[in-house]
Amino acid sequence: EQERIRAATSLSVAGFKEALAYVRPGRGEWEVEAVLESAFRLRGASGPAFPTIVGSGPNARFLHYRNNRDEMRGGDLVLVDGGAEVGMYCGDITRTVPVSGRFDPRQRDLYDLVLRAHDVAIASIRAGVRLVEVHKKACRLLTDGLLDVGILEGDLDDLLESEAYRPYFPHNTSHWLGLDVHDVGDYARAGVSRVLEPGMVLTVEPGLYFPAGEDLPETPFDGVGIRIENDVLVLDDGVEVLTEDLPVALQKIEGLLAG
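Everything numeric here is computed off the predicted structure, so don't read it as measured data. Position numbers for residues count from 1 along each chain, tracking the sequence in the order it is written. In keeping with the model being predicted, local features are shown solely for residues with a pLDDT of at least 70 and side-chain atom pairs are shown and tallied solely at 80 or more, while totals for entire chains, interfaces and linings include all residues. No hydrogens and no water enter the side-chain calculation; it runs on all heavy atoms of the structure.

### Quick look at the side chain of Arg61
Part 1: Working definition: helices are DSSP H or I runs of at least four residues, strands are E runs of at least two. Numbering for both runs from the N terminus. Topologically, Arg61 is positioned in the loop between strand E2 (53-56) and strand E3 (77-82).
Part 2: Take Arg61: its relative accessible area is 18%, and that puts it in the buried class.
Part 3: N or O atoms within 3.5 Å of each other form a polar contact, as long as, within protein, one can give a hydrogen and the other can take it, and as long as residues adjacent in sequence are counted only when both atoms are side-chain atoms. One polar contact links the side chain of Arg61 to the main-chain carbonyl oxygen of Pro58, over a distance of 2.9 Å. Type-normalised accessible area, obtained with a 1.4 Å probe on protein chains alone, sets the label of each residue: buried when under 20%, exposed when over 50%, and partly exposed for intermediate values.

### Quick word on the packing of aromatic side chains
Part 1: Stacked, tilted and edge-to-face are the three classes applied to pairs of Phe, Tyr and Trp rings, where Trp contributes its six-membered ring and a pair requires centres within 6.5 Å; stacked means planes under 30 degrees apart, edge-to-face means over 60, and tilted covers the rest. In total, this model carries five aromatic pairs according to the counting rule given.
Part 2: The interplanar angle of 10° and the centroid separation of 5.3 Å between the aromatic rings of Trp176 and Tyr187 together place this pair among those described as stacked. Of this pair, Trp176 sits in the loop between helix H5 (156-161) and strand E7 (188-189) while Tyr187 sits in the loop between H5 and E7, and the two are eleven residues apart along the sequence.
Part 3: Since its relative accessible area comes to 5%, Trp176 is described here as buried.
Part 4: Overall, the relative accessible area of 34% leaves Tyr187 in the partly exposed class.
Part 5: By way of ring pairs, the aromatic residues Tyr168, Phe210 and Phe221 are connected into one cluster.
Part 6: Charge-over-ring placement is defined geometrically: NZ (Lys) or CZ (Arg) within 6 Å of the ring centre, and within 35 degrees of the ring normal. Lying across the ring of Tyr22, Arg27 places its NZ or CZ 4.0 Å from the centre.

Worth remembering: the numbers are spatial, not functional.
So, in structure tokens, the structure goes:
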């Protein structure tokens, strides 16, 4: 099973590298979808593991946006969420990249915040840790960052207790991955979060979304959505990030687009 999911995630990475290099102003979201899914099939996948999401500009705010029919515009970001199915096992990757090839300062600051939440969540994963602790690590860092940029106000612990981050981070940090992209399995038993065990595979996918025009204060980030997602295998003595060959660092993302 682990070899099959490695094959699915490896092929997913290869497809993403091809599709992200195709991102340009004036091209369609549907074109990126077509390149990604074609790359999966040409490399031997049975197809996409789930409907591909390509959300540019404000479309990235919607967690399961699947229209993929808008033209990408210079200055916007585009969020691509997809994965290949290989031997009945699934990959699941999200990257958010600048359509013009380079992040502007506002996008760079927000992307760096999500990336730090991603990194601290992965660093917390190991056998014996409860799954909820991974989510708490990401939530704490994101909430602290929202305080720093003036989106939230108040005491950090009070904001975490009231889940004040939820309008901007409305989903969990992780889900199980395997024969289904949201694989079966309990997240808690008898009301207590599951303990991570060797052999478990889960995603790590923090994000921030700023819904313009809704009943929330205006922010400098209105209309922006950023998510970063990798797939992680829990080992006896650590983790294996199955999708680590696809860059997440700002400079490497920009380099991949330039290529």
